[in-house]
Amino acid sequence: MLSSMRFFARPLMEHQIADRFDYLEDDVSRPAYHHLELLDHRNGLLLLRDWVVNPATRQCVPLPPPPPPRAGMEAFLDTRYLVFDPAVSPHYHVFSIPRVSRRTGELTKFTVFSSTTRRWEERSFVRQEGEAATRTTIADINYSPRKHRYAVYWRDALYVHSQDDSIIRITLSTHKYQVIPSPIGRQVTYLESLYLGKSINGVYCALIFNLEERLRIWLLNDDEVRGQTKWVLKNDVSIQPLVGITHQHFGLQNNGLWTLQNTLVEPMAEQKFEWDPDSGIILEAEAKAPIDHFHDDIRTLGFHPYKEILFLWTNCKRVVAYHLNSSKAQDVGKLPVPSIETSFVYTPLLDGEILGK
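Calculation criteria
Residues numbered from 1 in each chain as written. Predicted model: local features only at pLDDT ≥ 70, side-chain atom pairs only at ≥ 80, totals over all residues. Heavy atoms only, no water. Pairing = 2+ DSSP bridges. Helix = DSSP H or I, 4+ residues; strand = E, 2+ residues; numbered from the N terminus. Axes fitted to C-alpha atoms, helices over the stretch in contact; angles between N-to-C directions. Contact = heavy atoms within 4.5 Å. Salt bridge = Lys/Arg side-chain N within 4 Å of Asp/Glu carboxyl O. Buried < 20%, exposed > 50% of the residue type's maximum accessible area, 1.4 Å probe, protein only.

The protein is annotated in an unreviewed UniProt entry as F-box associated domain-containing protein of Triticum aestivum.

So, in structure tokens, the structure goes:
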């Protein structure tokens, strides 16, 4: 819900991007929660249930209602994902993907909105041939009523985190899909939190094992031509040092580099904000002390788009930047919210017009 949305950023961005959407037109024909539901984001654009929005320029384009679900799919809710890359095209697509189960049979058609045609259309996709594709189809996915699941767009393909924690890769140019197994080979439990994201080298998965107080990060080695995929484990560290941590533990005299804008925290004075490479703590492979407690209070916020950095939220309401290459954790700032259900790293799109009006 946008009513509880918070924008956490450098203070220099405060006057460029706001977390309020008072410029959206009211639609009395649709419920308020429908109107303000944040579904996805891509390269500076946000996808609401009824709008595509650029918060940096305060532009918005309404989405027309999609066609009714086809026979046999009426009882299944859909999840919508945004495809947009301004370096390739100024146009965008919205994919409507039902939350399927084995009962639906083989699903090969998605409803897609195009800003070029301003229409929702049904598009067919076929299974990618290859090593991994011969084992799993969309019909093999087990339904699981879990909370928000993320998607990333990388090199002409939309990667969608499905209900059973497998990843569906949908290639737009070839109209093919492939179901990629979870990096841990099974569905995560309620004590674990799997996050699908994108960074400089492609598609990543981060998994917090709260019971073990560990963080594991994988990079997807994806050979689409041969249909071969492999999750490569990059990091496997203890996050026990982050439990109960405050900015003093990082040797900082201030309250961090970033602040919560337009809500609870006053912006800091304008200055140059850079990470000190000498500050921070190193996360080791093993905990320094036996684990005699349980903390279900560290959350994944998202991956940095241009650096191998994962942002985490700790139980002391601190945001920590974890550097994958050095395994160093650095304090970013205070994020004083009671809990976090959905989060992503937002990259502003400061120019250009949203097409499809």
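1. Points about the sheet that holds strand β15 (residues 192-199)
Read from one edge to the other, the open sheet built from four strands follows the order β15-β16-β17-β18, with strand pairing classed as antiparallel. Lying at the two open borders of the sheet, with one neighbouring strand each, are β15 and β18 (228-238). Put simply, the sheet's adjacent strands are angled 20 degrees from each other on average, direction ignored. The pairing of strand β16 (residues 202-209) with strand β17 (residues 214-223) spans six bridges and is classified as antiparallel. Paired with Cys-205 across the strands is Trp-218, a residue of β17.

2. Things to note about the side chain of Arg-80
Relative to the helices and strands, Arg-80 is located in strand β6 (residues 78-84). Excluding anything up to four places from it in sequence, Arg-80 contacts Leu-39, Asp-40, Leu-47, Arg-49, Pro-66, Val-94, Phe-95, Ser-96 and Trp-120.

3. Considering the pattern of salt bridges
Within the structure shown, the criterion is met by eight salt bridges. We note a salt bridge from Arg-214 to Asp-236, for which the minimum N-O separation is 3.0 Å. One end of the pair, Arg-214, is in strand β17; the other, Asp-236, is in strand β18, with 22 residues separating them in the sequence. Residue Arg-214 is classed as buried on the basis of its relative accessible area, which comes to 11%. On the basis of relative accessible area, Asp-236 is assigned to the partly exposed category, the value being 27%.

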